[in-house]
Amino acid sequence: MNVKLSNGKVIPVEMHKVRIVQKVNLVPVRRRLEAIKEAGYNTFLLRTKDIFLDMLTDSGTNAMSDNQLAAMMVADDAYAGSESFYKLVDAEKEILGFNYVIPVHQGRAAEHLLAKVFVKPGDVVLMNYHFTTTKAHFELAGAKVLELYTDEMLNTQSSVLFKGNLDLQKFEDAIKKYGADKIPFVRMEATTNLVGGQPFALRNLHDVKKLASKHNIPVVFDGSLISENAYFIKMREEGYADKSIREIILEMMSLVDIFYLSGRKSTSVRGGLMATNKKEYYDRILEWLPVYEGFATYGGMSTKEIEAMAVGFREMTDVNVAGSAPEFIKYFVERLIENGVPVVTPPGGLACHLDAKRFVSHLPQSQYPAGALAGAVYIASGIRSMERGTISMDRDSAGNEVYADLELARLAVPRRVYTMSQIEYAVDRITWLYKHRDLVKGLKFVEEPRVLRFFFGRLEALDNWGADLTKAFEAEFGPNC
Ligand SMILES: Cc1ncc(COP(=O)(O)O)c(C=O)c1O
């Protein structure tokens with residue numbers, strides 16, 4: 001919740017108290033240099049013992065509530081017919097309103113099943129923007145992924161409040177060009193992960209549904225950050241200020257044919273779920289569930305997580321829960337802007353994004369500026385961010401580099417995990433780094449996997465620039481910071 005202080009400043013205040021904590025370490029800068037080298041300048045390959053603030057992702061890392069943990073204790077571990085599953089069905093029906101529910105082990109498992117059941121070679125899958133695993137699954141099924149984003153989506157210095165909107169003209173053009181029979185569905189991602197966690201408007205979803213229905217194209221909704229997108233609709237879209245998060249979610253869901261989510265985000269657990277009102281879709285997906293995931297009442301999830309997800313669905317509709325990460329992110333982004341650091345605006349739903357094309361503007365995309373920036377942030381602060389740029393794209397079938405639209409270093413703000421002083425620390429060290437950005441040079445691959453290379457790929461710093469950055473840092477803060 002935002003509160004106004006007596007000096008007029010507005011700050012986000014936590015609407016929870018901390019009762020269980022995890023110790024973190026801030027290892028000295030020399031160790032950070034060693035650690036990032038050992039990790040091949042890939043922040044995915046760092047170990048927790050070397051990380052101070054883990055801002056890699058909000059996936060599976062949100063703080064759970066006391067009620068979620070309590071629910072885990074009463075889980076019914078029955079292989080089939082688990083009562084925990086029926087509690088999840090009740091919660092889903094109450095919050096989303098679908099009759100048929102399919103649990104899966106996480107979001108990409110839902111994408112795998114969507115690809116298996118609905119996508120054929122030669123198809124064109126339309127979406128407001130891709131996510132890495134989404135694209136991989138649909139392309140592996142032989143389809144082309146076509147993103148129908150508005151031009152504003154790629155403007156990192158924008159004041160447009162719904163940059164995640166799907167461009168309706170491009171949608172019409174795609175239907176004309178490829179034919180509706182080649183389009184298995186149109187997918188809307190609630191707060192577009194790779195381009196700054198930007199939401200779409202409910203008006204836009206209504207328009208997408210109208211056009212899709214005209215051509216019998218199902219609407220698929222990736223609701224991994226559904227409560228955050230609903231929060232932005234409440235805060236930013238005309239006509240929704242007085243609606244509850246629950247009402248907004250139900251209105252969104254009335255426009256959706258197949259819903260799926262990574263439960264690791266809005267519902268703060270480790271799992272996933274698919275839901276629909278169409279029995280035919282349910283039957284076709286269910287057929288494959290035991291092959292890839294598990295029986296219909298657990299689908300690859302632990303029953304403990306299923307219990308916690310049921311609670312998480314209800315809790316995410318509390319406006320203070322839905323808004324907790326967005327308000328912290330806004331604060332983080334605004335503090336960096338005050339210091340002149342280039343970040344993506346407006347602030348989005350899952351992270352503060354540093355705009356590497358402007359931050360390290362001297363680096364060409366062929367030297368992976370976002371990856372270099374993520375490495376430099378770690379050296380300067382012990383904070384783990386994630387590269388969301390060209391390293392996160394795979395090469396094309398001819399082996400050519402595919403340059404990302406945006407080069408971002410993403411500092412995720414997991415829900416209810418970090419405090420204001422930790423955000424202030426992050427702002428300070430990133431500002432220091434910006435002042436020393438000339439020391440940051442590029443990266444080159446030394447081990448490069450063919451698929452989703454960002455997970456396991458290893459890189460090297462050109463001219464050993466990490467050592468120069470470490471020296472500059474030590475000169476200012478001493479060896480123990
Ligand atoms: C929008 C979106 N869709 C799908 C996924 C994949 O979900 P998971 O990581 O649970 O497999 C993610 C993960 O971050 C995501 O952000």
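Let us now look at empty space enclosed by the protein. In this structure the tally under the stated criterion is five cavities of 30 Å³ or more. In this model, the largest cavity occupies a volume close to 120 Å³. Forming the boundary of the largest cavity are 18 residues, of which Glu14, His16, Ser324, Ala325 and Phe328 lie nearest the centre. The element contributing the most residues to the lining of the largest cavity is helix H13 (residues 324–338), with four residues.

Counted under the stated rule, the structure contains 24 aromatic pairs. Their ring planes at 85 degrees and their centres at 6.5 Å tell us that Phe118 and Phe185 sit as a pair that is edge-to-face. Placement of Phe118 in helix H4 (residues 107–118) and of Phe185 in the loop between helix H6 (168–178) and strand S7 (186–189) is noted, with a sequence separation of 67 residues between them. Each member of the pair, Phe118 as well as Phe185, is classed as buried. For the ring pair Phe359 and Tyr434, a centre distance of 5.0 Å and an interplane angle of 75 degrees mean the geometry is edge-to-face. Of this pair, Phe359 sits in helix H14 (residues 356–359) while Tyr434 sits in helix H16 (residues 420–435); the two residues are 75 residues apart in sequence, bridging distant segments of the chain.

Time to look at the packing of helix H3 (residues 83–95) against helix H11 (residues 303–315). At a minimum axis distance of 8 Å, the contact between H3 and H11 shows a crossing angle of 20 degrees. Looking at the two axes, H3 sits roughly parallel to H11. By crossing handedness, the relation of H3 to H11 is classed as left-handed. From H3, Ser84, Phe85, Lys87, Leu88, Asp90, Ala91, Glu94 and Ile95 reach across to H11, where they touch Thr303, Ile306, Glu307, Met309, Ala310, Phe313 and Arg314.

Let's shift gears to the layout of surface pockets. If you add up the space inside the largest pocket, you get close to 1400 Å³. In terms of lining, the largest pocket is formed by 38 residues, of which the most central are Ile20, Ala63, Met64, Arg416 and Val417. Within the residue set of the lining of the largest pocket, elements represented by two or more residues are helix H2 (66–72) and helix H12 (319–322). Within the lining of the largest pocket, the residues separate by chemical class into 14 nonpolar, 14 polar and ten charged.

Looking now at H6. Of all the residues in H6, the buried ones are Phe171, Ala174 and Ile175. Within H6, the buried residues cover an arc of 100 degrees as seen down the axis, which keeps them to one side. Residues Lys176 and Lys177 are exposed on H6 and point more than 90 degrees away from its buried face. Those residues of H6 that are buried are in contact with strand S5 (124–127), strand S6 (144–147), S7 and helix H7 (202–214). The distance from a side-chain oxygen at the start of H6 to the backbone nitrogen of Gln169 is 3.0 Å, and the residue carrying that oxygen is Asp167. Backbone geometry just after H6 places Gly179 at a positive phi near 85 degrees.

Thresholds, definitions, all that
- Throughout, a residue's number is its position along its own chain's written sequence, starting from 1.
- Side-chain atom pairs in this predicted model are given and counted only at pLDDT of 80 or more, local residue features only at pLDDT of at least 70, and totals for whole chains, interfaces and linings cover all residues.
- Remark: hydrogens and water are excluded; side-chain values derive from all non-hydrogen atoms of the structure.
- In this analysis a 1.4 Å probe is tested at points of a 1 Å grid over the protein atoms alone, and where it fits but cannot get out there is a cavity; an open set with protein on both sides within 12 Å along at least five of seven lines is a pocket; lining residues have an atom within 4 Å of a point.
- Grid points are joined across faces, edges and corners, and a volume is the space filled by probe spheres set on the points.
- A run of H or I in DSSP counts as a helix once it spans at least four residues, and a run of E counts as a strand once it spans at least two, with each numbered from the N terminus.
- Under the pairing criterion, centres of Phe, Tyr and Trp rings, with the six-membered ring standing for Trp, must be within 6.5 Å; the plane angle then separates stacked pairs below 30 degrees from edge-to-face pairs above 60, leaving the rest tilted.
- Buried means the residue's accessible area, taken with a 1.4 Å probe over protein chains only, is under 20% of the maximum for its type, while exposed means over 50%, and partly exposed covers the values in between.
- For helices, the fitted line uses only the C-alpha atoms of the stretch in contact; every axis is such a line through C-alpha atoms, and the angle between N-to-C directions lies from 0 to 180 degrees.
- Our angle categories are set so that under 35 degrees counts as roughly parallel, over 145 as roughly antiparallel, 65 to 115 as roughly perpendicular, and the remainder as oblique.
- A clockwise turn of the near helix away from the far one marks a right-handed crossing, whereas an anticlockwise turn of less than a right angle marks a left-handed crossing.
- The contact definition used throughout considers only heavy atoms, calling two residues in contact when any of these lie within 4.5 Å.
- Lys, Arg, Asp and Glu make up the charged group, whereas Ala, Val, Leu, Ile, Met, Phe, Trp, Tyr, Cys and Pro make up the nonpolar group; the residues left over, Gly among them, are polar.
- Note that the arc is defined by the directions from the helix axis to the C-beta atoms.
- Here a polar contact means two N or O atoms within 3.5 Å. Within protein one must be a hydrogen donor candidate and the other an acceptor candidate, and residues neighboring in sequence count only if both atoms are side-chain atoms.

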